[in-house]
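Chain by chain, the residues run as shown.
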Amino acid sequence: MPEPAAVIDVSTAAPTLRDVVAILEGVYDPAWAESWDAVGLVCGDPDEPVRTVGFAVDPVAAVIDEALERGADLLVTHHPLFLRGVHGVPATTFKGRLVHRLIRGGTALFTAHTNADSADPGVSDALAQALDLHDLRPLEPRAANPELGIGRVGELAAAEPLSAFAARVAAALPATSGGVRVAGDPDRPVRRVAVCGGAGDTLFGAVRSSGADVYVTADLRHHPASEALEAGGPALVDVAHWASEWPWLRHAAQTLRSTLGAAGTNVDTYVSTLVTDPWTAHLAAG
């Protein structure tokens, strides 16, 4: 007499990498990525089960060490490992070594970059929510779908001085050696806020059109920042690139867990707290 079929508890069944990638690409559609970008699955067997997923901004050696130590089956990063095409991944190069280590350790790598920037909710939504903004809308909407786009504009519950708002930004984001830089009258009242996770100095035109009192972004350069202020633009708050995108990791992890849970499966997730901002010290000149 044949043995009865095993009963699978779907509440504890592990999804496959293919399942997880399908969810991530459903939320962060690769079609939303910029033409120059490289997003999606970098390495990993789609048929392998996934029980633990790590989330980080940068696929650097320390983050991969952490993923391997924690037994992650999948590492999701915002920044790509390979932004430009390559003809091979030999272990004689530092990026090639990372790929070899991931594969040997059984850890897949997936990237959601500018597609996560444009998503709703996406990277800038997470930044805006960390600052307690409401009534969010895209700073630069996509023509085909105005609900999507780069950056966000939102409102504070009440106006506050620029100095208090800058302190709000510093408290909301993880600390980095570069800290938070501010340009503008510290007593200037601000209520409407534009934000862009990552480098946002190409969006000053959209920021001015939005009527924002202050713009929070990263990697502001001298000339664009100076010209924006001289043109009567908003106050500026410049933060570390890594810090501006880090709040998105928790949102992405929660989205994955909730979507899998609705389908009767689940994964463990963790958000890396390793500071991968490349700057490690800040000294005052003079």
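Values in this document were obtained by computation on a predicted structure and should not be read as measured data.

### Examining the packing of aromatic side chains
Then, in step 1: Under the criterion given, the structure shown has two aromatic pairs.
Then, in step 2: Centre to centre, the rings of Y28 and W248 are 5.5 Å apart; their planes meet at 70°, and the pair counts as edge-to-face. Highlighted residues: Y28 in the loop between helix 1 (17-27) and strand 1 (40-43) and W248 in helix 10 (residues 247-262), separated in sequence by 220 residues. Of the two residues, Y28 and W248, neither departs from the other in class, the shared state being buried.
Then, in step 3: Summarising the aromatic geometry, the rings of F204 and Y215 are spaced 5.8 Å apart at their centres and angled 75° between planes, so their arrangement reads as edge-to-face. Of this pair, F204 sits in helix 7 (residues 204-210) while Y215 is found in strand 9 (residues 214-218), placing the two residues 11 residues apart along the sequence. Like F204, the residue Y215 is buried in the burial classification.
Then, in step 4: Cation over ring: R70 sits above Y270, and NZ or CZ is 4.0 Å from the ring centre.

### A short note on the layout of surface pockets
Then, in step 1: One number sums up the size of the largest pocket: a volume of about 560 Å³.
Then, in step 2: Where the lining of the largest pocket is concerned, the elements lending two or more residues are helix 3 (94-105), helix 4 (114-118), strand 8 (189-199) and helix 9 (241-245).
Then, in step 3: The element best represented in the lining of the largest pocket is strand 8, accounting for four residues.
Then, in step 4: Residues belonging to the lining of the largest pocket are distributed by class as follows: 13 nonpolar, eight polar and seven charged.
Then, in step 5: Here the second largest pocket defines a volume of roughly 450 Å³.
Then, in step 6: Contributions of two or more residues to the lining of the second largest pocket are made by strand 10 (235-239) and helix 9.

### So, the environment of N266
Then, in step 1: Within the secondary structure layout, N266 lies in the loop between helix 10 and strand 11 (268-271).
Then, in step 2: Note on N266: relative accessible area 41%, which makes it partly exposed.
Then, in step 3: Through-space distance from the C-alpha of N266 to that of P234 is 44 Å; in sequence the pair is 32 residues apart.
Then, in step 4: In this view, N266 contacts A13, P15, R257 and L260; residues no more than four positions away in its chain are not counted.

### Focus on the pairing of strand 8
Then, in step 1: Bridge count for strand 6 (residues 149-161) against strand 8 is six bridges, and the pairing is antiparallel. Along strand 8, the bridge assignment pairs E155 with R192.
Then, in step 2: The pairing of strand 8 with strand 9 spans four bridges and is parallel. Looking at the pairing, A194 lines up with Y215 of strand 9.
Then, in step 3: With helix 7 bridging strand 8 and the parallel strand 9, this β-α-β connection has right-handed handedness.

Conventions and cut-offs
- Residues numbered from 1 in each chain as written.
- Predicted model: local features only at pLDDT ≥ 70, side-chain atom pairs only at ≥ 80, totals over all residues.
- Heavy atoms only, no water.
- Phe/Tyr/Trp six-rings, centres within 6.5 Å; stacked < 30°, edge-to-face > 60°.
- Helix = DSSP H or I, 4+ residues; strand = E, 2+ residues; numbered from the N terminus.
- Buried < 20%, exposed > 50% of the residue type's maximum accessible area, 1.4 Å probe, protein only.
- Lys NZ or Arg CZ within 6 Å of the ring centre and 35° of its normal.
- 1 Å grid on protein atoms, 1.4 Å probe; cavity = no way out; pocket = protein on both sides within 12 Å on 5 of 7 lines; lining within 4 Å.
- Points joined across faces, edges and corners; volume = space filled by probe spheres on them.
- Nonpolar A, V, L, I, M, F, W, Y, C, P; charged D, E, K, R; others polar.
- Contact = heavy atoms within 4.5 Å.
- Pairing = 2+ DSSP bridges.
- Right-handed = clockwise from strand over helix to strand, strands pointing away.

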